[in-house]
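As a plain string of letters, each chain reads:
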Amino acid sequence: MLLREGLIGLLTRFGHEVPAALGDAEGLRAAVDAHEPDLVLTDVRMPPSFQDEGLRAALALRAERPRLPVLVLSQYVQRSYAAELLDTGDGTGVGYLLKDRVGQVEQFADAVTRVADGGTVVDPEVVRQLLRRRRDPLEQLTPREREVLGLVAEGRSNASIAAELVVSEAAVGKHIGNILGKLDLPPADGTHRRVLAVLAYLRA
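Residues numbered from 1 in each chain as written. Predicted model: local features only at pLDDT ≥ 70, side-chain atom pairs only at ≥ 80, totals over all residues. Heavy atoms only, no water.

Per an unreviewed UniProt entry, the chain is named Response regulator transcription factor, and its organism is Streptomyces rectiviolaceus.

S.K.: An account of the overall build of the chain is requested, with residue identities and associated values reported.
M.R.: A tally of helices and strands in the chain yields 10 helices and four strands. Helices (α) and strands (β) of the chain occur, in sequence order from the N terminus, as α-α-β-α-β-α-β-α-β-α-α-α-α-α. The buried share among the 204 residues of the chain stands at 39%. Across the chain, contacts joining residues at least 24 apart in sequence account for 61% of those joining residues at least 6 apart. (Helix = DSSP H or I, 4+ residues; strand = E, 2+ residues; numbered from the N terminus. Buried < 20%, exposed > 50% of the residue type's maximum accessible area, 1.4 Å probe, protein only. Contact = heavy atoms within 4.5 Å.)

S.K.: Break down the confidence of the model for the chain for me, citing the residues and quoting the values.
M.R.: Here the chain shows a mean pLDDT of 84. Residues at 70 or above account for 89%. Of all secondary-structure elements in the chain, the lowest mean pLDDT belongs to helix α6 (residues 124–132), at 66, while strand β1 (residues 40–43) reaches the highest, 94. (pLDDT = per-residue confidence, 0-100.)

S.K.: Got a sec to walk through the sheet that holds strand β2 (residues 70–74)? Specific residues and values, please.
M.R.: To summarise the sheet geometry, strands pair through backbone hydrogen bonds and adopt either a parallel or an antiparallel arrangement. Within the open sheet, the four strands sit side by side as β1-β2-β3-β4. Their pairing is parallel. Lying at the two open borders of the sheet, with one neighbouring strand each, are β1 and β4 (120–122). Neighbour-to-neighbour, the strand axes of this sheet turn through a mean angle of 20°, independent of strand direction. By the bridge criterion, four bridges tie β1 to β2 in an arrangement that is parallel. The residue bridging L41 from the neighbouring strand is L71, located in β2. Strands β1, β2, β3 (94–98) and β4 of the sheet are contacted by helix α5 (residues 105–116), whose axis makes an angle of about 145° with β2. (Pairing = 2+ DSSP bridges. Axes fitted to C-alpha atoms, helices over the stretch in contact; angles between N-to-C directions.)

S.K.: Summarise the side chain of D123; cite the residues concerned and give the values.
M.R.: With respect to the helices, strands and loops of the structure, D123 is situated in the loop between β4 and α6. Reaching out from D123, the side chain makes a polar contact with the backbone nitrogen of L98 at a distance of 3.1 Å. Sequence-distant contacts of D123, that is, excluding residues within four places in its chain, are made with Y96, L97, L98 and R101. (Polar contact = N/O pair within 3.5 Å; in protein donor to acceptor, adjacent residues only side chain to side chain.)

S.K.: Could you give me a rundown of the pattern of salt bridges, with the residues and numbers involved?
M.R.: Taken as a whole and assessed by the stated rule, the structure comprises 10 salt bridges. In this structure, the salt-bridge partner of D110 is R114, at a minimum N-O distance of 2.9 Å. On the criterion of helical spacing, the pair formed by D110 and R114 is a turn pair, its members being four residues apart in helix α5. Its relative accessible area of 37% is what places D110 among the partly exposed residues. It is possible to trace a salt-bridge network through shared partners that takes in R29, D33, E36, E64 and R65. (Salt bridge = Lys/Arg side-chain N within 4 Å of Asp/Glu carboxyl O.)

S.K.: Give me the lowdown on the nonpolar core, citing residues and values where you can.
M.R.: Counting 22 residues, the largest nonpolar core has V40, V72, L85 and Y96 as the members making the most contacts within it. Among the elements of the structure, α2 (25–35), α3 (53–64), β2, α4 (79–86) and β3 are those that each provide at least two residues to this core. For this core, the leading source of residues is α3, giving five residues. Discounting residues that sit within four places of it in the chain, L85 has contacts with A58, L59, V72, V94, G95 and Y96. Ranked by size, the runner-up nonpolar core spans 18 residues in total, among them L138, V148, L149 and L183. (Core = buried A, V, L, I, M, F, W, Y, C linked by side-chain atoms within 4.5 Å.)

S.K.: Mind laying out the layout of surface pockets, listing which residues take part and the relevant values?
M.R.: Here the largest pocket defines a volume of roughly 850 Å³. The wall of the largest pocket is formed by 34 residues, among which V18, A20, A21, L41 and T42 lie closest to the centre. Taken together, the elements giving at least two residues each to the lining of the largest pocket come down to α1 (2–13), α2, β1 and α5. In terms of residues, the lining of the largest pocket owes the most to one element, α1, which gives five residues. Among the residues forming the lining of the largest pocket, the class breakdown is 23 nonpolar, four polar and seven charged. (1 Å grid on protein atoms, 1.4 Å probe; cavity = no way out; pocket = protein on both sides within 12 Å on 5 of 7 lines; lining within 4 Å. Points joined across faces, edges and corners; volume = space filled by probe spheres on them. Nonpolar A, V, L, I, M, F, W, Y, C, P; charged D, E, K, R; others polar.)

Here it is, written out as structure tokens:
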């Protein structure tokens, strides 16, 4: 709510009209049908589950209206989200920014204008991580994290890994959390992140 109200004030300050501001994906799609806006600005996460409803709504809108400019805000870098968004339409009139970028007012305002004009804007941190993805995805893991991931790949439980490495289960849980974060596997419904991490391990 606070971010939404702040964005309304910021956009208005830079001369934009905000015909609607919604807190859920269904309302967002209905508002686009009603107002035919020049730009849609949405968060990746929206009610009810606060997973990726906003992104899914943006992708659906772009599928229906390939030339509709869409700028998506995210709390953290999720490369797959950025890639999906950039694959919509003809790749123009689309943007993916981290919410931290909103605090850099002039840059944010410029990004809004560029996307509305049909440009493509991708957060510099997203670009950096997309380029890094071409390298071994496991290279950023510590030797201990690689060891833990190897044991996960064997199908070991946290308790079994803790016994093998002579550490606490809490330490194993922390290592696994670090691994999932470094492999860009944030929480998501219907996705077994340990399996995805093992697949990354096997492909490396």
